[in-house]
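Each chain, written out:
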Amino acid sequence: MSTPSPSPTTQTQVVSISLESALDCAARQLQSGLLSVTELDSSVKEKVSKFNASTCGYEETYTAELDRLTASLSASAHTIESKARALLLRADALAKSISPSIDVSVDLRAQAKALTTELLRLHKQTDVDAQELRRIALLADRRLRTGRDFEEMTERRFESSPWEVDQIGGSIVVLLSDVYSVIRELETKSEGRQEDKEWVAPTSFERVTTKYWVSDEHLYEVLLSSVQDLPLLVYGKKGGRILNQKEVRSTDSSLANGALWTSFVTSISSVYFDSNDMSMYSERLKRSEGAQLFRIRWYGSKPRGEKNVFLELKTHHEKWIGDKSVKERCAIQEKDVSQLLDFKSGVWDEARAYAMVQKANPSEDEKSMQKLAILLLKMRATIVKFKLTACVRTKYTRVALQSSSSNACRLTFDRDLMVINERGAAPSSSNSWCLEDHDTLSQHDIVKIPYNVYEVKIAGEDGKPNFVTELEDSRAIVEAKKFSKFLSGASLFNAGKVETLPWWSDEEAFAPLYNGPSYPATATAQDLVITPSLIQCSRDENASTLSGSSRDSIERPLVQHSRDYLQRQLNGSYTSVDDSDTLDSSVKRSIMNQSLPTTTMTTMTTTSVSNTGQSGKKRRGNLVSMRRRSASMILKEDRISSKSKPIASKQRLRVEPKSHFANERTFIQWISAALLFITFSQLLYILGSSNPAIEGQTAIAGTWMIAMSLFIAVYALVIYYRRVYLMQNGKPYGYADFFGPGLLTFAVISGVALILAFSGEFRFGTTSTLIPMSGQCMKRSLSGVPVMELQPSGALVDEKEGLLLVPSLNHIVAFEAALPLEGKNDQQAHIVATVPGANMEALEQVGNYIYALSEGTDKKSEIIALEWIDSSLDGVFGGATSRRLQESHRWEISLQGVEGMALVPEGQLGEGSAAKLLVAGLLIEPTTKGLVEVLSIDAFDQDSFDFTQTKLDNTSKVNKKVVAKGLKDEKVGSMQFFEGRLYVLFDNERVVRVFDPKTGLIVQELMLPIAEAGAEHEWEGMRLQRINNGTSSGLRGAIESRVVLHLALDSPAQIWSLSLQQEEGRWIMPQCAGV
């Protein structure tokens, strides 16, 4: 369960009124002690010292309040940590001393949840108090202006505990992770399971990854919610535990100074490669089929010499290809990378690649080594083909959460994510393939991404955890679809080369990085120097990871105007004091000049970002990072504005081959309509030629229909090519056709009107003997499916899903089960499965699977196993969740001409008989009359369906002479086992035979109705269903029920549901059936 955010109404603990009163007093004292203008020949230093002396009282008051708050927050932080330690020790004791119970786990979870709430409330309180102290410090600096920098003093204090939330927050996250691990151990033991395993990274797996953005404000809320479900992942640890008893009891253990960010994170660096024209960037942004991405990755500090680095090649595949997107990985020694990247390093063959990977992977077997060598050659070919060079580096610290016993779910936090321009400067060494740690870069070549990245990786078809959904609903995390670190860095540093920016470049937090600073037309040079740049703001947040002179070069430049900027950002409720009311100009100038820097260009080395996340104690808030600027960051000239670049859509239009096929099918359907009009026109001409009295009228009507058919054909051609253009250019709009349906409707109505006007009365009738009758004979509506493509060939009632499933060629169409009422018979049908290459003739439910019988064209047939999956949240029947059938497996069988299938339970074909699946088909046998088709019913044991096999052999056969005795045509259309009886439908005989499977005797023959003249032998599917009405009758309160017979007509496509009556153990058709 997600942890609720602390209340937004947290009140500050700062005694603001007392501090502001002391500040007023100091300001008045300062103003009363000012010197006159005639005394300006005195030393400026003496004046400044007098001003400082006049504010000593206020500084003592302010410092005392800061010390009081520091002590209060420190006490609260240590109290929470002590509670967490005590809770972990108690949980360990309970796990060892008592039998596991649910009540103990619930109690421990409640206490852990309470600690989580306390920690988040403390973080909120710390933030509120810090903001208030910043406001007062800014106010003091503005009103006193003595060179005593209260803001700088405050920020220096904020670098240490308890103001630095990582120090206490990280430790408590580690403690609570262990607490929840103990709780999960108790729960698994109470269920009789054991999960104390050491986690081992899998060699291959398939995962569905969802990426989210997390701001620093919500970081701990998300972390604390995550550890409730999954523990922190540490290599070599068992059961999800991190700390031992000694470390928990000791205050000098690794928990000190924010253990999470100092001991349990992984620093990851990746150098991405691209061509000079950024071709890989363009293809990855468009997610084109076959788009590749090449990078070199390492963990921790940069390897050198014989240390390994990891080469990774990602290849994107569209879904319609059938292949999944892959990431291939190969390790080589760092000293061999330059040789790999050298375009002129000679001929590369498998032997050379084998030798290179063998040095880096000596423990791999021969087969694995061969694969790695082939992969390395593939990477080399990609490098040479695209002339790849180092383009951008990403660096971040990663915290991972995952169960030690399962790879089903993995959570990762990527914090302090920075992108570095590898092309910002040439490497200092000619042998280096990327920038070295000591190389110098301008600050604008290092950008910090404004969000942390939270990734949820789910294996298989499992859904994401509930707490992730709750975090989404609370907006603590924001989904970032297809967010890419490489695309971010490449587009930021190569704005002049890329044609399109990623969609997130237009997001509020990213827009300043891409758009650059904006200034009014009247801005002066001085304004440009002192105006804060939001790009620099995002980069200055890297101050937590900088060291030595590099960090000082970012933080030292302070100018008075930047304070005014921060005051506007803070929106503090205080009164500004005009400069002329406090200090004369010379004194003000001398004080300001004490802080002005003389540096005109600030640089930093890659070493300064080599330990990202390792010094969380120096992390700053957003406001102070906005305050520290470098003039060079604003006046840089090599930054190309990205404002005019087009931005990729968040949901890219995927154009698959089937889209073009659909366009062609639509065109053909329009042409079919035009041909239908031509056919009618010819009939009218024939009618007129046979009856001279109406020849003129039929000629007018026929000519009109020919004209309409030509117009429809031309219109269809225009629409076809228009949609081709839209798809080729990736346009996500313009496909709707508002004019065409109206045109076709007008043509039909006008044609019918002309026929009625000129040709007299026409009589329309049917020869069907089946009459729709409410509650007895219901003809199903086929709305929602293409009727002309429908060819029903079977029926199955899925009681669990409440659906009547009808196979039709390679589709399965779903209707509402049971007997629909008159007013509800217009419920739309919908396709729940499309099986490529199948021609499904029958369906049967076997356990959790739906088996489909597919008729082959090469003297062989198939049985296809399908299973239900959630597809979308669209309502189908009464708002129910939409579900679809997905293919799981196929078995090939030798029987050809298959039509019917039935599952007979165990013991129903005789005492001790196994459960069998009966399949009816036709075999071609030579006779004296030539080749003829004869019935064959194969039986397959249910246990013989092995999902690791692709072929299936029958275990026995049913005596076809017993089944088809006395019939002229043995063709079986459908079969079903229902309530102890085997039902076999002979479509060409229009009869259903009911057998006792244990004796083989025919219990009843049921004649089928005629749905439509000429379609007497087209019944291809049947299914009996017993429906309980839910009402009781009789002395014993028996539940009333009735049996419904569902029939599927092949051509023309019709689905009927008939209510059967039973008399003396025999089924009776309703009167509306006409039999």
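All figures in this text were calculated on a predicted structure; none of them were measured in a lab.

A. Examining helix 4 (residues 102–144) more closely. Between its terminal C-alpha atoms helix 4 stretches 63 Å, which fits the 63 Å expected from 43 residues at 1.5 Å a residue. Positive phi appears at Arg145, one or two residues downstream of helix 4, with a value of about 50 degrees.

B. Representation of the side chain of Asp1050 in the model. Here Asp1050 shows up in the loop between strand 31 (1038–1049) and strand 32 (1054–1063). In this structure, Asp1050 is buried with no salt-bridge partner, the nearest side chain bearing the opposite charge being Lys971 at 7.7 Å. There is a polar contact of 3.4 Å between the side chain of Asp1050 and the side chain of Gln791. Ignoring sequence-local partners within four residues, the contact set of Asp1050 consists of Leu790, Gln791, Pro792, Glu1018 and Glu1020.

C. A look at the state of the cysteines. Counted according to the given criterion, the structure contains one disulfide. Here Cys777 pairs with Cys1072 through a disulfide, and the sulfurs are 1.8 Å apart. Its S-S torsion of approximately 80 degrees makes the covalent link between Cys777 and Cys1072 right-handed. With Cys777 in strand 13 (residues 777–779) and Cys1072 in the segment after strand 33 (1066–1068), this pair connects stretches of sequence that are 295 residues apart.

D. Looking closely at the nonpolar core. Membership of the largest hydrophobic core comes to 76 residues, with the highest contact counts inside it found for Tyr58, Tyr62 and Tyr454. Considering every element that reaches this core, the biggest residue donor is helix 4, with 14 residues. Once residues lying within four places of it in the same chain are set aside, the contact partners of Tyr62 are Leu19, Leu133, Ile136, Ala137, Phe150, Met153 and Thr154.

E. Up close: the pairing of strand 23 (residues 916–927). Relative to strand 23, strand 22 (residues 900–904) runs antiparallel, the two sharing five bridges. Its bridge partner being in strand 23, Val904 is matched across the sheet by Lys916. As paired elements, strand 23 and strand 24 (residues 930–941) share 12 bridges and run antiparallel to each other. Looking at strand 24, one finds that Gly921 is bridged to Ser936. A loop of two residues connects strand 23 with strand 24, the two strands running antiparallel in sequence.

Criteria and cut-off values
Residues numbered from 1 in each chain as written. Predicted model: local features only at pLDDT ≥ 70, side-chain atom pairs only at ≥ 80, totals over all residues. Heavy atoms only, no water. Helix = DSSP H or I, 4+ residues; strand = E, 2+ residues; numbered from the N terminus. Expected span 1.5 Å × (residues − 1). Buried < 20%, exposed > 50% of the residue type's maximum accessible area, 1.4 Å probe, protein only. Lys, Arg positive; Asp, Glu negative; His and termini not counted. Salt bridge = Lys/Arg side-chain N within 4 Å of Asp/Glu carboxyl O. Polar contact = N/O pair within 3.5 Å; in protein donor to acceptor, adjacent residues only side chain to side chain. Contact = heavy atoms within 4.5 Å. Disulfide = S-S within 2.5 Å. Core = buried A, V, L, I, M, F, W, Y, C linked by side-chain atoms within 4.5 Å. Pairing = 2+ DSSP bridges.

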